[in-house]
Amino acid sequence: MELLRKWLGHPEDIYNLLRFKMGGYRAVMPRMDTVSAEGCAGAGGMRFAVAGARCSRWGAGHGRRRRRRRHAVCIFYLVLRALDTVEDDMSIPLDVKVPMLHEFHSYLYQPDWKYTESKEKDRQVLEDFPTISMEFRNLSKVYQDVISDICHKMGVGMAEFLEKKVDSQLEWDKYCHYVAGLVGIGLSRLFSASELEDAIVGQDTDLANSMGLFLQKTNIIRDYLEDQLEGREFWPKEVWSRYAKKLSDLAKPENIDVAVQCLNELITNALHHVPDVLTYLSRLKNQSVFNFCAIPQVMAIATLAACYNNQQVFRGVVKIRKGQAVTLMMDATNIQAVKAIMYQYVEEIYQKIPSTDPSSNKTQQVIASIRAMSLPGSPMASRHHYSPIYLSCAMLLAALSWQYLSTLSKATEEFVQGGEN
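Residue positions are counted from 1 within each chain, in the order its sequence is given. Only residues with pLDDT of at least 70 get local features here, since the model is predicted, and only at 80 or more are side-chain atom pairs given and counted; chain-wide, interface and lining totals rely on the full set of residues. As a rule here, side-chain values come from all non-hydrogen atoms in the structure, and water together with hydrogens is ignored.

A.B. asks: Just to check I follow, could you spell out the overall build of the chain for this structure?
C.D. replies: Counting from the N terminus, the helices are the DSSP runs of H or I reaching at least four residues and the strands are the DSSP runs of E reaching at least two. When helices and strands are counted, the chain shows 22 helices and zero strands. Split into buried and exposed, the 421 residues of the chain put 52% on the buried side. Residues are treated as being in contact if the distance between any of their heavy atoms lies within 4.5 Å. In the chain, the proportion of contacts linking residues at least 24 apart, taken out of those at least 6 apart, comes to 75%. Each accessible area value is a Shrake-Rupley result obtained with a 1.4 Å probe; residue values ignore everything except the protein chains displayed when judging cover. Total accessible area on the chain is roughly 18,900 Å²; 52% of this is exposed by carbon and sulfur atoms. Exposed residues in this analysis have more than 50% of their type's maximum accessible area, buried residues have under 20%, and partly exposed residues fall in between, with area computed by a 1.4 Å probe over protein chains only.

Right under this line is the structure:
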């Protein structure tokens, strides 16, 4: 019955899940597949990705160039997944892990290097690394240079934060740069090198960095409780120390009011990246690249709106609804639509700002700057005003077929979770 209440509370979700299942996905998935690492690695595993990468060398002309571009992004994804697996593996002693992170980029040029002692769930990328490195060496030099450079910088940055916590907000930005901003920079350089986008997209590293920081900060904010349970801390001490003696204290029921204030301050910090995100997306010309870049960003703003001033962040998992996520994926296909989505969710945040919140003035200021860049008026601004006949049918369908829809939502879950994470 809980699921039924969820559907009845948001009948538009039913309509959009059905629209997605009955062909709406074609507006997103095929075009994303041109550049999406998830398209080659997320669904089928590492071996599927490499097999698909090998196939990319077949054919000729424009089709071959397009597949090579996709191949480069796939290999970039797999290399960074392997690097991240080393960082995450707590069974690797620091005196072994630190040199591995520093030198990981050099393993790309060592045909036989692999690591078989990992205990992580993604250890396959380390065990089969010779296959990945072989495919890397088959890339054009321009792609090799980008991937190797980003891998080197990221490995050094990861090693730096292995033995220290994130104290200041500047260090928070630095950590997020190493683990996510560099990904945005690397992808942007690949987009430009492949001529899918203009040179400025790869050259403007500040904007590309903001793309990564916005996503990473959203994940860190949302995952407070999960990280606490697993012994990880990524919230900057400079912020949380104003509200509690220990970061873990924010999860205590008696501290819930100050915990929410701390949460709101961090969300306000993350929102400062939205203007850069909109500027970056406005420069993209290729539809595949736009979808690939825009969808995670609109998922992030929706997640922040769900988390803002929400005590549940300290009690469990806050996620956007599956139907909501599907709607965002199908809608975020042009810059005006993305601006309207951003406007909608910052308005949701604005309506929830407590007058007594210590960060309220800063939150209002950053929302004002986002409003200025995403004025309403496009067709997307009223995207939730569906015809009453659609909503009535959807509600009836929810009452009669909620079990079927539950199965349907699960069928799309794997694809949707790639966007959420």
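A.B. asks: Mind showing me how you'd approach the nonpolar core here?
C.D. replies: The nonpolar side chains of soluble globular proteins are, as a tendency, buried together. What is meant by a nonpolar core is a set of buried Ala, Val, Leu, Ile, Met, Phe, Trp, Tyr and Cys residues, joined one to another through side-chain atoms within 4.5 Å. Judged by nonpolar contacts, the single largest core of 115 residues is most densely connected at F104, W235, L250, Y280, L281 and F314. Ranked by residues supplied to this core, first place goes to helix 18 (residues 287-307) with 14 residues. Leaving out residues up to four positions away in the same chain, L250 has contacts with Y224, W235, W240, Y243, A244, N255, A259, C262 and F314.

A.B. asks: Please clarify how unusual backbone geometry should be interpreted in this entry.
C.D. replies: Trans is the prevailing form of peptide bonds, just as negative phi is the prevailing case for residues other than glycine. A positive phi angle, near 70°, is found at E195, a position not held by glycine. With respect to the helices and strands, E195 occurs in the loop between helix 11 (169-193) and helix 12 (199-203). The phi torsion at N309 lies on the positive side, around 55°, for a residue other than glycine.

A.B. asks: Quick question: what am I supposed to make of the packing of helix 10 (residues 141-160) against helix 11 here?
C.D. replies: Two quantities define a packed helix pair, namely the angle between the helix axes and the distance between the axes. Angles here are taken between N-to-C directions and fall from 0 to 180 degrees, while the axes themselves are lines fitted to C-alpha atoms, restricted in helices to the stretch in contact. In the contact formed by helix 10 and helix 11, the axes pass within 9 Å of each other and the chain directions differ by 175°. When the interaxial angle is binned, helix 10 and helix 11 end up roughly antiparallel. For the pair helix 10 and helix 11, contact is made by V142, Y143, D145, V146, D149, I150, K153, M154, G157, M158 and E160 and by K174, Y178, V179, L182, V183, I185, G186, R189, L190 and A193, respectively. Residue polarity follows a fixed list, in which Ala, Val, Leu, Ile, Met, Phe, Trp, Tyr, Cys and Pro are nonpolar, Asp, Glu, Lys and Arg are charged, and the others, Gly among them, are polar. Of the residues assigned to the contact of helix 10 with helix 11, the class counts are 13 nonpolar, two polar and six charged. Here the angle decides the label: under 35 degrees means roughly parallel, over 145 means roughly antiparallel, 65 to 115 means roughly perpendicular, and every other value means oblique.

A.B. asks: I'm lost on helix 11 in this one. Help?
C.D. replies: In an α-helix there are 3.6 residues to a turn, and that puts residues three or four apart on one side. A residue's bend is the angle separating two fitted axes: one through the seven residues that end there, the other through the seven that start there. Most pronounced at H177, the bend in helix 11 amounts to some 55°. In the stretch just after helix 11, E195 is the one whose phi turns positive, near 70°.

A.B. asks: Help me out: how do you make sense of the packing of aromatic side chains in this one?
C.D. replies: Ring pairs (aromatic) are described by centroid distance and by the angle formed between their planes. A pair of aromatic rings is counted whenever rings of Phe, Tyr or Trp (Trp by its six-membered ring) have centres within 6.5 Å, and the orientation is called stacked for planes under 30 degrees apart, edge-to-face for over 60 and tilted otherwise. This structure, assessed with the given rule, holds 13 aromatic pairs. Ring pairs connect the aromatic residues F104, Y107, W113 and F129, which therefore count as one cluster. Charges are assigned to positions over rings by a cutoff of 6 Å between ring centre and Lys NZ or Arg CZ, combined with an angular limit of 35 degrees from the ring normal. Taking NZ or CZ as reference, K164 lies 4.7 Å from the ring centre of F161, over its face. The ring centre of Y350 lies 4.3 Å from the NZ or CZ of R371, which sits over that ring.

A.B. asks: Can you walk me through the packing of helix 11 against helix 13 (residues 205-222) in this structure?
C.D. replies: Taken N-terminus to C-terminus, the directions of helix 11 and helix 13 make an angle of 125°; their axes are 7 Å apart at the nearest point. Classified by the angle their axes make, helix 11 and helix 13 are oblique. As for the relative orientation of helix 11 and helix 13, their crossing is right-handed in sense. Together, W172, D173, Y175, C176, H177, V179, A180, G181, L182, G184, I185 and S188 of helix 11 and T205, A208, N209, G212, L213, Q216, K217, I220 and I221 of helix 13 make up the contact between the two elements. Its residues assigned to classes, the contact of helix 11 with helix 13 comprises eleven nonpolar, eight polar and two charged. Helix crossings are classified by the rotation of the near helix relative to the far one: an anticlockwise turn of less than a right angle makes the crossing left-handed, while a clockwise turn makes it right-handed.

A.B. asks: For this particular structure, what's the right way to read the confidence of the model for the chain?
C.D. replies: In low-pLDDT regions, the fine details of the predicted coordinates are not to be read closely. Per-residue confidence from the prediction method is given by pLDDT, with values spanning 0 to 100. Confidence along the chain averages 82 in pLDDT terms, with 73% of residues attaining 70 or more. Under a pLDDT of 50 for its full length, residues 30-63 has, in the predicted model, 68 contacts with residues more than four places off or in other chains. Every residue in residues 378-409 is under pLDDT 50, and counting partners more than four places away or in other chains gives 50 contacts.

A.B. asks: How should I be thinking about the environment of D88 in this particular structure?
C.D. replies: Mapped onto the fold, D88 is located in helix 6 (residues 61-88). Separated by 70 residues in the primary sequence, D88 and M158 place their C-alpha atoms 9.9 Å from one another. With sequence-adjacent residues up to four places away left out, D88 is seen in contact with K97 and E120.

A.B. asks: What exactly am I supposed to notice about the pattern of salt bridges here?
C.D. replies: Salt bridge, as used here: a side-chain nitrogen of Lys or Arg that lies within 4 Å of a carboxyl oxygen of Asp or Glu. Within this structure, the stated rule accounts for 20 salt bridges. Measuring nitrogen to oxygen at the nearest pair gives 2.7 Å for the salt bridge that ties D198 to K285. Note that D198 is positioned in the loop between helix 11 and helix 12 and K285 in the loop between helix 17 (274-283) and helix 18, a separation of 87 residues in sequence. Exposure remark for D198: the relative accessible area of 34% places this residue in the partly exposed category.

A.B. asks: Hey, could you run me through helix 16 (residues 256-271) in this one?
C.D. replies: The span you would expect from a helix comes to 1.5 Å times its residue count less one. Compared with the 22 Å implied by 1.5 Å per residue over 16 residues, the 22 Å span of helix 16 between its first and last C-alpha is a close match. Here helix 16 lies mainly inside the structure; 13 of its 16 residues are buried.

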